[in-house]
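# Structural overview
What follows is each chain in one-letter form.
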Amino acid sequence: MRTFDIVIIGSGIAGGFLARQLRLARPDLGVLVLEAAGAMEDYKVGESTVEVAANYMVRRLNLGTYLYQHQLPKNGLRFFFDGPGKDLPLPRMSEIGSDHMPFHPSFQLERARLERDLVAMNRAAGAEVELGAKVVDLAIDGGGRHKVVYEQGGERREVACRWVCDASGRRHVLLRKLGVKVHKETRLNTAAAWGRYRGVAGLDAVTDAAWRSRARYTSRHLSTNHFMYDGYWIWFIPLAGDLMSVGVVFDKDRIGEGNAPAGALPGPRTRADFERFLGAHRAVRELLEGAELEDFQAYAHLPYHADRYFSTDRYAVTGEAGAFTDPFYSPGSDFIATANEFITQMILADVAGDRAGFEERVAAYDAYYRFKYDSTLRLYERMYPVFGSFELYRLKYLLDFNNYYNLVVWPFMADRVTDVGWIREELRFTDLVLRALSTMGDHFASLAADLRARGEYFAQNEGRFANGLNGVVQLETRLGPSIDERFRREQVDRAYGSVFAALVERRLAERGLSDRARLVSELKLPQVLTFRDITPDRLARLLERIGERMTKDLRAEFPDAGVERVDLGSGGEVSVTGPAVGTEVHAAVLSRARSLWDASAGSLAHVAL
């Protein structure tokens, strides 16, 4: 019987990346990859990567040259918003997107080609990769060697190993064998249908001069393009060669059979449904004119999670073998990067004989990975009712993008994500983070329902452009190998305060409220979480508190003026009680009070690039 240090089940990007990382980290480790497919030719969804996965591929896997030579660079995420009749031409749709390539790279992956190339790379690096090798049985022995049985070419073979890592995707080979429960997620009820088209001219073929110039002629084609609707979204992702990945993800609770709002389409389940669904949207239909659908796939349900991901019995799962949330924001390859980083560090600690460090890592990494799933799920949980409104989603994206760069990308780039001490500190704030995601999700969903009732949900969906980099430009020179924790905390408060103030302004129709420095500074994350509802009474109490602080400041600045109270009213009114009305002292104090109240917060919701 042959013996290896690690057996990896599956040679998709999760297993292929893990094999490469292990061989680069410890070339002396024996790695066997068992791939059930006889050839790496399957079309797989999940082509879009974002910054964590890109950093992992370039920095940890040394794939930068390969990616730029054989795959496509990505021009960020881009979003388009339609009218209620789904009939706006593309140049008239409101848009969120960059006007230049983002400062940290990401890529669009043609998965089959990448996975074929990974097989060759891993073999060249000394890993054994067996194709057509279907794992049919395995036995985990926490005190000795594991056994893995696979069939290949009609023969049954068995190997022994110290570690088993499952990258088999939705087959869940390892967890099913061990009886570890994989839960169908009930908090988010989404499904997807997708295919690859050949002969799509692409967004850069649109010749409207004003539309091209508003994005400074940057390539929209290279973006992950989202067409946004109430309850669903449609993606356009370019692939190397003459292929375009096009798909639909929909909330079955909003767009499912019998649940769709008036005028909405039921979610597509079949190839014919898929083509009819896409054809009902003018901009999508025009982009696909003359293109040929090459293949079609669908998932009836997307999100799921497991009870356990890593074990001191020396097994682990990565990628979709363990959990999946939702393809919006393209988090799948980020999950792979994080899991593979964890697995590599656990294996290195184990083979080094550091039992205490190994057990410590397993406990911390498993807890953090479960938290990562839960926080990502809550990000999406109330999101689908917001998607169809440019006005709402611009604010949601601003908050999400800032938090992603600040709280996710930065620690990964600084190698903190595998630091057990750092993870323990992060896990102290689990409840706060989950409450923040749920609270903001509730506020956005409530405002979406309110705007629908007012007939204003689509009010800004035509002719507007927001630079998607607005919320992260301040991080451009900061992200790197060292972490500035004070700056990170300030950015969290600034992002939540800026966005929440804008929500209050819109919900209560209080124009001019959201960029006042005094108000935004009162809305740090802990204060935001005290707002279960946005009501006039809650706003009045907030203004009263700000007025009290301004009163103290004015008393210090004008000690002899007899300032008793500053009152702030709706519509920006300011009054000062104490100095006699009509006197120079009253005029000076009132002028100062107004200047304090009118001072700009530099709110992220108002930043323009």
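Our next topic: the overall build of the protein chain. Of regular secondary structure, the protein chain possesses 19 helices and 22 strands. Taking 609 residues into account, the globule formula puts the C-alpha radius of gyration at 25 Å, and the protein chain, at 27 Å, falls close to it. Summarising its shape, the C-alpha atoms of the protein chain cover approximately 100 × 60 × 45 Å along the three principal directions. Considering only contacts in the protein chain between residues 6 or more positions apart, those separated by 24 or more positions represent 75%. For the protein chain, the accessible surface area stands at approximately 23900 Å², while carbon and sulfur atoms represent 47% of it. Taken as two groups, the 79 positive and 82 negative side-chain charges of the protein chain have centres that lie 1 Å from each other.

Our next topic: the pattern of salt bridges. Within the structure shown, the criterion is met by 48 salt bridges. Among the salt bridges present, the one from Asp28 reaches Arg26, with a minimum N-O distance of 2.6 Å. For Arg26, a relative accessible area of 26% translates into the label partly exposed. Notably, a salt bridge pairs Glu360 with Arg424, separated by 2.9 Å at the nearest N-O pair. With Glu360 in helix H11 (residues 355-381) and Arg424 in helix H13 (residues 420-427), the pair connects residues that are 64 residues apart, well separated along the chain. Overlapping salt bridges bring together Glu391, Asp450, Arg454, Glu456, Arg506 and Arg507 as one network.

Think of a sheet as strands paired side by side through backbone hydrogen bonds, with each pair either parallel or antiparallel. Ordered by their spatial adjacency, eight strands build an open sheet running E16-E12-E15-E14-E13-E4-E5-E20, and the pairing between neighbours is mixed. Only two strands of the sheet have a single neighbouring strand rather than two, namely strand E16 (292-299) and strand E20 (465-467). Sheet twist, expressed as the average angle between the axes of neighbouring strands with direction ignored, equals 15 degrees. Across three bridges, strand E4 (residues 77-81) lies against strand E5 (residues 94-97) in antiparallel orientation.

For the structure on display, the rule yields 41 aromatic pairs. Taking 6.5 Å as the distance between ring centres and 55 degrees as the angle between the ring planes, the aromatic pair formed by Tyr309 and Phe310 counts as tilted. Note on Tyr309: relative accessible area 1%, which makes it buried. Accessibility expressed as a relative area gives 2% for Phe310, which makes it buried. Over the ring of Phe324 we find Arg170; its NZ or CZ atom is 5.5 Å from the centre of that ring. Over the face of the ring belonging to Phe487 we find Arg478, whose NZ or CZ atom lies 3.9 Å from the ring centre.

We now examine the side chain of Glu35. Mapped onto the elements of the fold, Glu35 is located in strand E2 (residues 31-35). No salt bridge is formed by the buried Glu35; the nearest opposite charge belongs to Arg171, separated by 5.3 Å. A polar contact is formed between the side chain of Glu35 and the backbone nitrogen of Ala37, at a distance of 2.9 Å. When near neighbours in sequence (up to four residues on either side) are disregarded, Glu35 contacts Gly10, Ser11, Gly12, Met40, Glu130, Leu131, Gly132 and Ala133.

So, on to helix H1 (residues 13-25). The first and last C-alpha atoms of H1 sit 18 Å apart over 13 residues, in line with the 18 Å expected at 1.5 Å per residue. With 11 of 13 residues buried, H1 lies mostly within the body of the structure. Buried residues along H1 sit against strand E1 (2-9), E2, helix H2 (51-60), helix H4 (111-124), strand E10 (155-166) and helix H10 (332-351).

At a minimum axis distance of 11 Å, the contact between helix H18 (residues 536-557) and helix H19 (residues 584-598) shows a crossing angle of 130 degrees. Judged by the angle between their axes, H18 and H19 are oblique. H18 and H19 meet at a crossing whose hand is right-handed. Each of Leu543, Ile546, Met550, Leu554 and Glu557 in H18 lies in contact with H19, whose residues at this interface are Val589, Arg592, Ala593, Leu596 and Trp597. When the residues that make up the contact of H18 with H19 are grouped by side-chain class, the tally is eight nonpolar, no polar and two charged.

Between H1 and H2, whose axes approach to 11 Å, the crossing angle comes to 35 degrees. Of the two elements, H1 crosses H2, and the hand of that crossing is left-handed. Contacts between H1 and H2 involve Phe17, Leu18, Gln21 and Leu24 from the former and Tyr56, Met57 and Arg60 from the latter. Tallied by class, residues from the contact of H1 with H2 come to five nonpolar, one polar and one charged.

What follows deals with unusual backbone geometry. Notably, Asp415 is not glycine yet its phi reads approximately 60 degrees, a positive angle. Secondary-structure assignment places Asp415 in the loop between helix H12 (390-413) and H13.

Membership of the largest hydrophobic core comes to 124 residues, with the highest contact counts inside it found for Phe310 and Tyr393. Leaving out residues up to four positions away in the same chain, Phe310 has contacts with Tyr315, Ala316, Val317, Ala339, Phe342, Ile343, Met346, Val362, Tyr365, Asp366 and Tyr369. Leu398, Leu529, Leu539 and Ala605 belong to the second-largest nonpolar core, a separate cluster that totals 50 residues.

When E1 meets E10, the two strands line up parallel, connected through seven bridges. In the sheet register, Ile6 faces E10, and the bridge partner there is Trp163. The pairing of E1 with E2 spans four bridges and is parallel. Note that in E2 the partner of Ile8 across the bridge is Val33. Viewed along the sheet, the connection from E1 through H1 into E2 turns out right-handed.

As a further point, take the side chain of Asp350. Topologically, Asp350 is positioned in helix H10. For Asp350, a relative accessible area of 8% gives the class buried. Ignoring any residue separated from it by four or fewer positions in sequence, one finds Asp350 in contact with Arg162, Trp163, Arg314 and Phe358.

Using the criterion set out here, one finds zero disulfides in the structure. Considering cysteine sulfurs only, Cys165 is the nearest to Cys161, which forms no disulfide, with 8.6 Å between them.

Right, let's get into the environment of Pro266. Position of Pro266 relative to the elements: it lies in the loop between helix H7 (252-255) and helix H8 (271-279). The partly exposed category is assigned to Pro266, whose relative accessible area is 37%. Along the backbone, Pro266 and Phe250 are 16 residues apart, and their C-alpha atoms lie at a distance of 9.1 Å.

About the cut-offs
- Residues numbered from 1 in each chain as written.
- Predicted model: local features only at pLDDT ≥ 70, side-chain atom pairs only at ≥ 80, totals over all residues.
- Heavy atoms only, no water.
- Helix = DSSP H or I, 4+ residues; strand = E, 2+ residues; numbered from the N terminus.
- Rg over C-alpha atoms; globule rule 2.2 N^0.38 Å.
- Contact = heavy atoms within 4.5 Å.
- Areas by Shrake-Rupley, 256 points an atom, 1.4 Å probe, with all protein chains shown as cover.
- Lys, Arg positive; Asp, Glu negative; His and termini not counted.
- Charge placed at Lys NZ, Arg CZ, Asp CG, Glu CD.
- Salt bridge = Lys/Arg side-chain N within 4 Å of Asp/Glu carboxyl O.
- Buried < 20%, exposed > 50% of the residue type's maximum accessible area, 1.4 Å probe, protein only.
- Pairing = 2+ DSSP bridges.
- Axes fitted to C-alpha atoms, helices over the stretch in contact; angles between N-to-C directions.
- Phe/Tyr/Trp six-rings, centres within 6.5 Å; stacked < 30°, edge-to-face > 60°.
- Lys NZ or Arg CZ within 6 Å of the ring centre and 35° of its normal.
- Polar contact = N/O pair within 3.5 Å; in protein donor to acceptor, adjacent residues only side chain to side chain.
- Expected span 1.5 Å × (residues − 1).
- Parallel < 35°, antiparallel > 145°, perpendicular 65-115°, else oblique.
- Left-handed = near helix turned anticlockwise from the far one by under 90°.
- Nonpolar A, V, L, I, M, F, W, Y, C, P; charged D, E, K, R; others polar.
- Core = buried A, V, L, I, M, F, W, Y, C linked by side-chain atoms within 4.5 Å.
- Right-handed = clockwise from strand over helix to strand, strands pointing away.
- Disulfide = S-S within 2.5 Å.

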